[in-house]
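Observations on the three-dimensional arrangement
Here's the letter readout for the chains.
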Amino acid sequence: MQAEQLKELVVNALEDVKAQDISVIDVRDRTSVTDFMVLASGTSNRHVKSLADSVVSDAKDQGVRASNVEGGTASDWILVDLGDVVVHVMMPATREFYDLERFWRDAPDLGAAGSE
């Protein structure tokens, strides 16, 4: 699956489970680690877990396996590494505290739909 398609799959999986404040950042020109970073917020630890599970499940249904999932059931931040797309699902306070968007401020922010 191409990076663009995977990014769309991730955004759709997050939207299906009512993620809040979805942000897609194109980092292709800034790192060789991944092509896109997707950030989303959940309303509770359980919601954060549900969002991450939705991403992993939908990706698996399309033949893409998560190479790594960090965080757990009671976590306020779960990272899902899909290779070309890295997904960060967080509680709003955690997202504000770590402010990952700040690190990629100069990268194009593609918004939730993935278009500039």
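To keep things clear, this report deals only with the structure shown in the data block. These numbers were taken from a predicted model, which means no experiment stands behind them.

Topic: the packing of aromatic side chains
Taken as a whole and assessed by the stated rule, the structure comprises two aromatic pairs. Summarising the aromatic geometry, the rings of Trp 77 and Tyr 98 are spaced 5.0 Å apart at their centres and angled 50° between planes, so their arrangement reads as tilted. Note that Trp 77 is positioned in strand β4 (residues 77–81) and Tyr 98 in helix α3 (residues 92–98), a separation of 21 residues in sequence. For Trp 77, a relative accessible area of 24% puts it in the partly exposed group.

Digging into the nonpolar core
Counting residues in each nonpolar core, the largest one holds 26 residues, and the members touching the most others are Val 10, Leu 14, Val 38, Val 55, Leu 82 and Val 87. Where this core is concerned, the elements lending two or more residues are α1 (3–16), β1 (20–26), β2 (36–41), α2 (45–61), β4 and β5 (85–90). When residues in this core are grouped by element, the largest group, seven residues, is from α1. The residues contacting Leu 14, other than those within four sequence positions of it, are Ala 19, Ile 22, Val 38, Ala 40, Leu 51, Val 55, Val 87 and Val 89.

The rules behind the values
Residues numbered from 1 in each chain as written. Predicted model: local features only at pLDDT ≥ 70, side-chain atom pairs only at ≥ 80, totals over all residues. Heavy atoms only, no water. Phe/Tyr/Trp six-rings, centres within 6.5 Å; stacked < 30°, edge-to-face > 60°. Helix = DSSP H or I, 4+ residues; strand = E, 2+ residues; numbered from the N terminus. Buried < 20%, exposed > 50% of the residue type's maximum accessible area, 1.4 Å probe, protein only. Core = buried A, V, L, I, M, F, W, Y, C linked by side-chain atoms within 4.5 Å. Contact = heavy atoms within 4.5 Å.

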